[in-house]
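Residue-level listing of the chains:
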Amino acid sequence: MAELCRTDSSLAALDEEVLWEMLEDHRCRIVCSIFPSRLTPYLRQAKVLGQLDEEEVLHGPRFTNTAMRVGHLLDLLKTRGKNGALALLESLKFHNPDVYTLVTGLRPAVDFSSFSGLMETSKLTECLAGAISSLQEELSQEKGQKEALLQQSRRLQERLEQAEARERSLRQLEAEHGRMQREVSARFHEVLKLKDEMLGLSLHYSNALQEKELATTRCRSLQEELYLMKQELQREKMSSSCERESRERSLKMASGLEPEDEELSRLKEENERLRSLTFSLAEKDILEQNLDEALESRQELVDRIHSLRERAVAAERQRKQYWEEKEQTLLQFQKTQVDCEIYKERLGALQSHVVELQKERDQAYLARDGAQVEISQSLTEKDALRRKVFELTDQVCRLRQQLQAKSLPPGPKQEAGPREPCPKGKQRLTRTFALCPRDDGSPSELCSDLSATSSRELVDSFRSSSPVPPSQQSLYKRAAEDFREDPWSFSSCPEILEVDQGSCLGAKVDDADLDYEIVDQADLPESENSLQPSSGDPCLSASSVPVRRRLARKILSQVTVLAFQGDALLEQISVIGGNLTGIFIHRVTPGSAADQMALRPGTQITMVETEPLSKVVLEGMTLERAVRLLQRVNGFCCLSVKVNMEGYKKLVQDMEAKVATSGDSFYIRVNLAMEGRAEGELQVHCNDVLHITDTLFQGGSCWHAHRVSPQCTKGTEHGAVPNYTRAQQLLIGLIQDMAHQSTIARKQPSGGARKLVRIVSVDRTKATPLWSSFDGGQLDPSWAEEPPTMGFWAESCFTLVPYTLVHPRRPSQARPVLFVPGVVGEILIKKLCLLHGFKRCLAEYLSQEEYDTSCQRGDIIQEREAPGGHYCVTRRAVESLMEKNTHALLDVRLDSICVLHKMEVFPIIIHVSINEKVAKKFKKALQRLGTTEDQLLEAARQEEGELDKAPCLYSSLAPDSWSDLDALLGCVRLAIADEQKTVVWTEQSPH
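The name recorded for the protein chain in an unreviewed UniProt entry is Caspase recruitment domain-containing protein 14 isoform X1, from Vicugna pacos.

Chemist: Give a description of the pairing of strand 4 (residues 573-578) that names residues and reports values.
Modeler: For strand 4, a buried count of 5 out of 6 residues is recorded, marking the element as mostly surrounded by other parts of the structure. Two strands pair when backbone bridges link them, and strand 4 and strand 5 (residues 582-588) are joined in this way by 6 bridges, in the antiparallel orientation. The residue bridging Gly578 from the neighbouring strand is Gly582, located in strand 5.

Chemist: Any chance you could break down the nonpolar core for me, citing the residues and the numbers?
Modeler: Residues Phe819, Ile914, Phe922 and Leu968 are the most contacted members of the largest nonpolar core, which totals 30 residues. Ignoring any residue separated from it by four or fewer positions in sequence, one finds Phe922 in contact with Val824, Ile827, Ile914, Leu936, Trp962, Leu965 and Leu968. Grouped together as the second largest cluster of nonpolar side chains are 29 residues, Leu11, Leu39, Leu43 and Ala46 included.

Chemist: Which residues make up the pattern of salt bridges, and what values do they have?
Modeler: Going through the model one piece at a time under the given rule, you end up with 34 salt bridges. Glu183 serves as the salt-bridge partner of Arg179, at 2.6 Å between the closest nitrogen and oxygen. With Arg179 and Glu183 both in helix 9 (residues 123-255) and 4 residues apart, the pair spans about one turn of that helix. Of the residues examined, Glu183 reaches a relative accessible area of 34% and is grouped as partly exposed. With a shortest N-O distance of 2.8 Å, Arg707 and Glu717 are connected by a salt bridge. Remark: Glu717 occurs in strand 12 (residues 715-722) and Arg707 occurs in strand 11 (residues 702-708); sequence separation between them is 10 residues. On the basis of relative accessibility, which here comes to 14%, the residue Arg707 falls in the buried class. Relative accessible area serves as the criterion here: at 46%, Glu717 is assigned to the partly exposed category. Residues participating in the shared-partner salt-bridge network are Glu24, Arg27, Asp75 and Lys78.

Chemist: Break down the packing of helix 2 (residues 16-25) against helix 7 (residues 82-95) for me, with residues and values.
Modeler: Packing of helix 2 against helix 7 leaves a shortest axis separation of 9 Å and a crossing angle of 45°. By the angle class used here, helix 2 and helix 7 are oblique. The handedness of the crossing between helix 2 and helix 7 is left-handed. On the side of helix 2, the interface is formed by Glu16, Leu19, Trp20 and Leu23, while helix 7 contributes Lys82, Gly84, Ala85, Leu86, Leu88 and Leu89. Residues belonging to the contact of helix 2 with helix 7 are distributed by class as follows: 7 nonpolar, 1 polar and 2 charged.

Chemist: Summarise helix 5 (residues 51-59); cite the residues concerned and give the values.
Modeler: Within helix 5 the residues assigned to the buried category are Asp53, Glu54 and Val57. One side of helix 5 holds all its buried residues, which, seen down the axis, span an arc of 100°. Facing away from the buried side of helix 5 by over 90 degrees, the exposed positions are Leu52 and His59. Buried-residue contacts for helix 5 involve helix 4 (36-45) and helix 6 (66-79).

Chemist: So what's going on with unusual backbone geometry? Residues and values would help.
Modeler: Most peptide bonds are trans, and most residues other than glycine sit at a negative phi. Residue Pro821 follows Val820 across a cis peptide bond; omega there is 0°. Relative to the helices and strands, Pro821 resides in the loop between strand 16 (817-820) and helix 20 (822-832). Even without being a glycine, Lys658 presents a positive backbone phi close to 60°. One can find Lys658 in the loop between helix 17 (645-656) and strand 9 (666-670). Notably, Asn885 is not glycine yet its phi reads approximately 60°, a positive angle. Within the fold, Asn885 resides in the loop between helix 22 (875-883) and strand 21 (887-890).

Chemist: How would you sum up the packing of helix 5 against helix 6? Please name residues and give values.
Modeler: Their axes nearest at 8 Å, the elements helix 5 and helix 6 cross at an angle of 155°. Our classification of the angle between helix 5 and helix 6 gives roughly antiparallel. At the point where helix 5 passes helix 6, the crossing takes the right-handed sense. Judged by residue contacts, Asp53, Glu56, Val57, Leu58 and His59 of helix 5 engage Arg69, His72, Leu73 and Leu76 from helix 6. Here the contact of helix 5 with helix 6 is built from residues that sort into 4 nonpolar, 2 polar and 3 charged.

Chemist: Report on the sheet that holds strand 9, specifying residues and quantitative values.
Modeler: Spatially, 12-11-10-9-15-24 is the arrangement adopted by the 6 strands of the open sheet, whose pairing is antiparallel. Two strands bound the open sheet, and with one partner strand each, they are strand 12 and strand 24 (984-987). The sheet shows a mean angle of 45° between the axes of neighbouring strands, direction not considered. Relative to strand 10 (residues 689-697), helix 16 (residues 623-631) is tilted by about 30°, and along the sheet it contacts strand 10 and strand 11.

Chemist: Describe the packing of aromatic side chains, and please don't skip the residues or the numbers.
Modeler: Note on aromatic pairs: each is described by the distance of the centres and the angle between the planes. Within the structure shown, the criterion is met by 9 aromatic pairs. An aromatic cluster of three or more residues is present, and its members are Phe666, Trp703, Tyr724 and Tyr803. If you follow Lys921 out to its NZ or CZ, it ends over the ring of Trp962, 4.6 Å from the centre.

Chemist: Report on the pairing of strand 12, specifying residues and quantitative values.
Modeler: Pairing of strand 11 with strand 12, which is carried by 6 bridges, proceeds in the antiparallel orientation. Along strand 12, the bridge assignment pairs Trp703 with Val721. In this structure, the hairpin formed by strand 11 and strand 12 is closed by a connection of 6 residues.

Analysis parameters
Residues numbered from 1 in each chain as written. Predicted model: local features only at pLDDT ≥ 70, side-chain atom pairs only at ≥ 80, totals over all residues. Heavy atoms only, no water. Buried < 20%, exposed > 50% of the residue type's maximum accessible area, 1.4 Å probe, protein only. Helix = DSSP H or I, 4+ residues; strand = E, 2+ residues; numbered from the N terminus. Pairing = 2+ DSSP bridges. Core = buried A, V, L, I, M, F, W, Y, C linked by side-chain atoms within 4.5 Å. Contact = heavy atoms within 4.5 Å. Salt bridge = Lys/Arg side-chain N within 4 Å of Asp/Glu carboxyl O. Axes fitted to C-alpha atoms, helices over the stretch in contact; angles between N-to-C directions. Parallel < 35°, antiparallel > 145°, perpendicular 65-115°, else oblique. Left-handed = near helix turned anticlockwise from the far one by under 90°. Nonpolar A, V, L, I, M, F, W, Y, C, P; charged D, E, K, R; others polar. Arc of directions from axis to C-beta. Phe/Tyr/Trp six-rings, centres within 6.5 Å; stacked < 30°, edge-to-face > 60°. Lys NZ or Arg CZ within 6 Å of the ring centre and 35° of its normal.

The structure is reproduced here in structure tokens:
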């Protein structure tokens, strides 16, 4: 502020020419930026512009636009000299701070002590200036908030656009994949059709060849038979002709005649026989040619069969290639579909986040408007109260002057002179002090009078939070209490009032923390009226006695210890609340010891102490536990209390509005299955997470609970569940029933029916079940509940835990993955490492120095010794993969889960249920690892027993949910994606 004042004064020290030179240099910007109607009121008040000048500037017909009016205004102010320049700069500071900064180079801030003096600084001007400055500050804040929200909305819009672009690309990929799949299927069907046609043709062709061969052989046999028949026929003809010739010759010889015509006929017949012989030879040649042609056609058909077989082999090879491409395309499509679902979920989360941000912004706007309204109302009330205080102060001053004038005897004037009247300005507020008895009074009489007065008290303002000052009876009561505690401390009080004669009434005391009050004689009882001052000071008269007040204690947030006789304490008071809000007193029995100790509704009890028991802290304790502890208080006790009216009123309002039934709020993990047989009871399964909201539901034997969904902490179904003691008895009975049923106890199929019991035990000598997780202090053993005396559990130091306290966690990064059993995990890790988003977390070799350093920091998850060092899975390796948004595949034991939780690393546990049928599916993979099926079953049974001790929930895959290793891999990926979205419920170790 000093720098600002110096800078503003430096402007006033400049010459007229320098100021107007600064303004003329930026005349164009001034003419284009400002409005003369905003500046003329201030310039008129600064008396550098007259009314006629203002009318000429604003309404002159010569000026047709704003620039001409501003230019004429500058010319008029230039005629006023230096005052005109200063007044113009001051008006620019209010209305155009950017132009003011451009001209002067100074920060435009308002300081009422740095005005140029051209105008009279009145209260109205100061208020206007203050209002303008506050509006400018609010405007700058609103602009900053608007810019921040705009930037945030831009970032979210960019992320939304990126997500939409990814979604569009995925849709394009999906469409392309569908098209390719359709083409592959169409080509595959075409190939199958061609193959079928080729097979039909080959079969038809083979049948035709066989028929042709049969026809050819039959034709050959027929031709041979025909040829033989022809030969025989020719021989018969020749023999018959020879016989006929010989017969004719014999006849001719006998007759002796041989005519020429007969010889001629004979020659003709012989000629015909020769022709028939010639025709048979030509036919033979034709048959040979046909045979050669048949052989050639057969060779062509054989060559064609070979070519068709080669084409069939090529088609089969191409079919296999298309089948492999189809499998790869289907796998890529499943992966793309999973990525698309993930992106859709992320997009939905971003949209919900944007909606939440908008709601928060609207709520912030509403809260700001409400706060501004409340502030304005409070300021108005404050001003009214302040005016009343000033008026009352003036009345008190006048009354004291009148009282002084009446009480002082006539005499010479005192040295200090008459007392000046009280100033009418703002009075300094000081502490009030309690009434103190006088030194010369009788202690017994004062005690009796004050006791009688306190019995007539109607309004008790002890530890009052009301702004009204304490009543006169309350002051007497406080004095009587102090007097009873130490009756002789008042006689030796060193702070005896010593007042000068001139300043005994209404004068200031040197000590700023002490104040004195004049008590009128009419307000005191008769015993007080009889008390006279020991000195002859005229200021200490019988009618006005100055008394000393003690400091008033403000204990709204301080803890006060009250000791009293607390016989049957819960009959004197009733309490409400719980572990979330604290334990509050709700009602107080009138006339009881608690009422006499001024315990009132709204008082919070933080600790209880009674002999011979130790202290018990009630903060963070449930209502059921607190009521049981307070029921045991029966005698002298000490209560540590504090006033917390805000928390009490909020709790009462929530209970009246049925938003809550108590102040309890915590989450538990159920370790047994319970059937809701009665009406209103909630049916729960083992490993369910419940939100407990009332531990004294239905008379205290039940708790009111909400079943929590895996994705959030909000409750879905609600109802009553047994309290801790009843649930423990049900757990023991259920275990005994299971022990009698040998078939269930000895052999329960893995992954079959729902789990009935989760065995979790805790040492009773070290901690109280469930409550030790959030109980503030160590309870005394005598305050603990009696242990159950059922069966063999009574002699053991360990007790079963039906409910385990859990806390919700929401990791933002990719969580590590742990598989159970470990043998199956080794098989799955090798396959998952080939996929995107998964990587195996390898063990690092650490030297002895590095190992010692990591042990001191607690960064080692699991270790095994090696020559000269150690192989360890470290926190650094896991976190490096998490920072890359990659799931770290862990090959560690189950006892390492607690170590990871201490490091704020919450792994995903995938349990693969194993039975004999499932073990056969891993036969080949187990052979590569050198493990048998029996070893896998034994390891699965052992690790399933250790899995119950895990301090968090896990995901289990049933045997019938997958058929082979590829299907199991898909189920594991879906389970990991689902677990990444859910809330992690972690429990503290009960050991």
